[in-house]
Amino acid sequence: MFRLVLLVALAAPAFAQHFPTDDPVIREMWAEGMDRSQTEAMAHVLTDVIGPRLAGSQGLENAQDWLLETYAGWGVDARREEYGTWNRWEAGALHVEMTAPRVQSLVAEMLAWTPGTDGPVEGPVVAPPADLTPETAQAWLAGLEGAFVLTSPPEPMCRAMQELEANARPETIERLEAQRASLRADWRQRLSALGRDVAGVLEDAGVAGTLSSRWSGGWGANKVFSTGNERAVGLDVSCEDYGMLARLAESENAPRVRVNAQAEDGGVVPQFNVVAEMRGTELPDEYILLSAHLDSWHAATGATDNATGTIVMLEAMRILKETYPNPRRTILAGHWGAEEVGLIGSGAFREDHPEVVAGLQVGFNQDNGTWRFERIEGQGFLDTAEHLPVWMAAVPTEVQAQVVVEVPGEQNNRGSDHTSFTCAEAPVLRLQSPYDEYRQYTWHTNLDTYDKIVFDDLRQNATLAAMLVYGASEDPERMTRETANLPVNPRTGEPREFGPCREPRRTAPN
Ligand SMILES: [Zn+2]
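Everything numeric in this text was worked out from a predicted model, so none of it was measured.

Student: Would you explain the overall build of the protein in this entry?
Tutor: Scanning the protein from terminus to terminus reveals 17 helices and 14 strands. Relative to the 2.2 N^0.38 estimate, which gives 24 Å for 510 residues, the radius of gyration of the protein is 25 Å and therefore close to what a compact globule would have. Dimensions of the protein along its principal axes, counting C-alpha atoms only, are 75 × 60 × 50 Å. Counting over 510 residues, the protein shows a buried share of 46%. In the protein, once contacts between residues fewer than 6 apart in sequence are set aside, the share between residues at least 24 apart is 84%.

Structure, rendered in structure tokens:
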């Protein structure tokens, strides 16, 4: 009976809406975005078909080709803009198994830009000894030829903390926290015996590989970044399997692993942003910018970081083209390359397009997942307090009620591509979804996949983005660039300042 009721409820229109004005463009935008959404099809192609989009990879290039084709299909001008180069790394299959003291397949990921193994390689798993010192390090290193060395502290438990808080005794949590702190301190101590360049020292000793684990704090989730290894394979191992290997190594049960990691260094390749444009009819030199990075980390398919942001901007452009094809100001969508390795694509665009920075009315960046926008951050631009509420006043009242407009707000000078513009006092605001669960489970993890996307929210986010662009484009006034004082820097006693902008690194470090 309950199930039936639920089905009926789901079949009912999910989005009652009340339009505060009779603006026909807003009504058409709602119908286009909510009833004829293309977000599911877009997400499938971008995450399942194209897959991860690491800076320099073929996947990123394929995603750029797909964007250009998609825009062309809608009759929207779009172009590839070259801004630099990066190292191509093509990861093939990875197989990792424990071969002693028993056989078990292990869950692991290659760290980005790691060398491969050139076929299967088997060797002992070794933990740095608890009593390792700079004096004993040489003797220990001499026995590591062909070994896989553990280079990060194991976790005492791989359960999410909120579950412990719900079920565990307070003293259990305390004990666990103490154990975690002591393991971290202990391993820091052990590894410090090897000096500053741990990877280099281990590679000089002839190790077959390094194993580490960067647990994300939630069930089954690890953060997977890059390695500095140049000769030996660098792997991230799941919290569970890494803990097991560490316990077996410490209890002298002589664990061994076999690793087959296929990875190719593809050399230095050119890098691009994709920029789409709908030219303004009255004020073509004033710009509204939709901003989201297209690149991702590689251990999953970059669904919430940042296929969702990409799709918000892409779908907003589709809605705009359908409902507002002759905008007053010029509308741009920036699909940036290489955000994950240093906000590079957006920083290069700022440097290469002073006319856009000078003529920017406003921009909107999204880079944190899939829940509906709960906050629009004015980033400290005083005039957002005048303009943003006016743009928001036209959107359906139910949507207004869900979003806090933080104006003028404070500059948040970390984390994503908006800072490539706010540093130059060009107002690019953040469209923010709830953060905590994103941070714990999908941000840069092996779990950032299509199934995490909440399409009801994604549809609404894209529709709202289109409506904000419309409001900003039609606004009779240009926003000023006056900024609120930033918070006081405790070191100097003076308010912090906007900028200076950091020069983007246009080539890979090696
Ligand atoms: Zn991101």
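Student: Can you help me understand the domain arrangement of the protein in this one?
Tutor: When the parts of a complex come together, some accessible area is lost, and that lost area is often used as the size of the interface. Taken domain by domain, the protein holds domain 1 (19-88 + 268-474) and domain 2 (102-254). When each unit is reduced to the centre of its C-alpha atoms, the spacing between domain 1 and domain 2 is 37 Å. Counting residues at the interface gives eleven residues for domain 1, matched by twelve residues for domain 2. Residue classes in the side of domain 1 that touches domain 2 are distributed as five nonpolar, six polar and no charged.

Student: Explain the environment of Leu-150 to me, please; I cannot follow it from the model alone.
Tutor: Note that Leu-150 resides in strand β5 (residues 148-150). Along the sequence, Leu-150 and Thr-442 sit 292 residues apart, while their C-alpha atoms lie 25 Å from each other. Each residue touching Leu-150, except ones within four places of it in the same chain, is listed here: Val-125, Val-126, Ala-127, Leu-211, Leu-245, Ala-246 and Ala-249.

Student: Is there a simple way to explain the packing of helix α10 (residues 303-323) against helix α17 (residues 455-474) in this structure?
Tutor: Two packed helices can be described by the angle between their axes and the distance between those axes. As a packed pair, α10 and α17 sit with axes 8 Å apart at the nearest point and diverge in direction by 55°. The angle between the axes of α10 and α17 places the two elements in the oblique class. Read as a crossing pair, α10 and α17 show a hand that is right-handed. Facing Thr-308, Ile-311, Val-312, Met-313, Glu-315, Ala-316, Ile-319 and Leu-320 of α10, the residues of α17 in contact are Leu-458, Asn-461, Ala-462, Thr-463, Ala-465, Ala-466 and Val-469. A class-by-class count of the residues in the contact of α10 with α17 yields eleven nonpolar, three polar and one charged.

Student: Teacher, can you tell me more about helix α3 (residues 39-50) here?
Tutor: In this model, α3 (twelve residues) spans 15 Å end to end at C-alpha, consistent with the 16 Å of a helix rising 1.5 Å per residue. Regarding α3, the residues found buried are Thr-39, Met-42, Ala-43, Leu-46, Thr-47 and Ile-50. Viewed end-on, α3 has its buried residues packed into an arc of 120°, placing them on one side of the element. What points out from α3, more than 90 degrees from its buried face, is the exposed set Ala-41, Asp-48 and Val-49.

Conventions adopted
Residues numbered from 1 in each chain as written. Predicted model: local features only at pLDDT ≥ 70, side-chain atom pairs only at ≥ 80, totals over all residues. Helix = DSSP H or I, 4+ residues; strand = E, 2+ residues; numbered from the N terminus. Rg over C-alpha atoms; globule rule 2.2 N^0.38 Å. Buried ≥ 20, exposed ≤ 12 C-beta atoms within 10 Å, placed from the backbone. Contact = placed C-beta atoms within 7 Å. Domains from an automatic or database assignment. Nonpolar A, V, L, I, M, F, W, Y, C, P; charged D, E, K, R; others polar. Axes fitted to C-alpha atoms, helices over the stretch in contact; angles between N-to-C directions. Parallel < 35°, antiparallel > 145°, perpendicular 65-115°, else oblique. Left-handed = near helix turned anticlockwise from the far one by under 90°. Expected span 1.5 Å × (residues − 1). Arc of directions from axis to C-beta.

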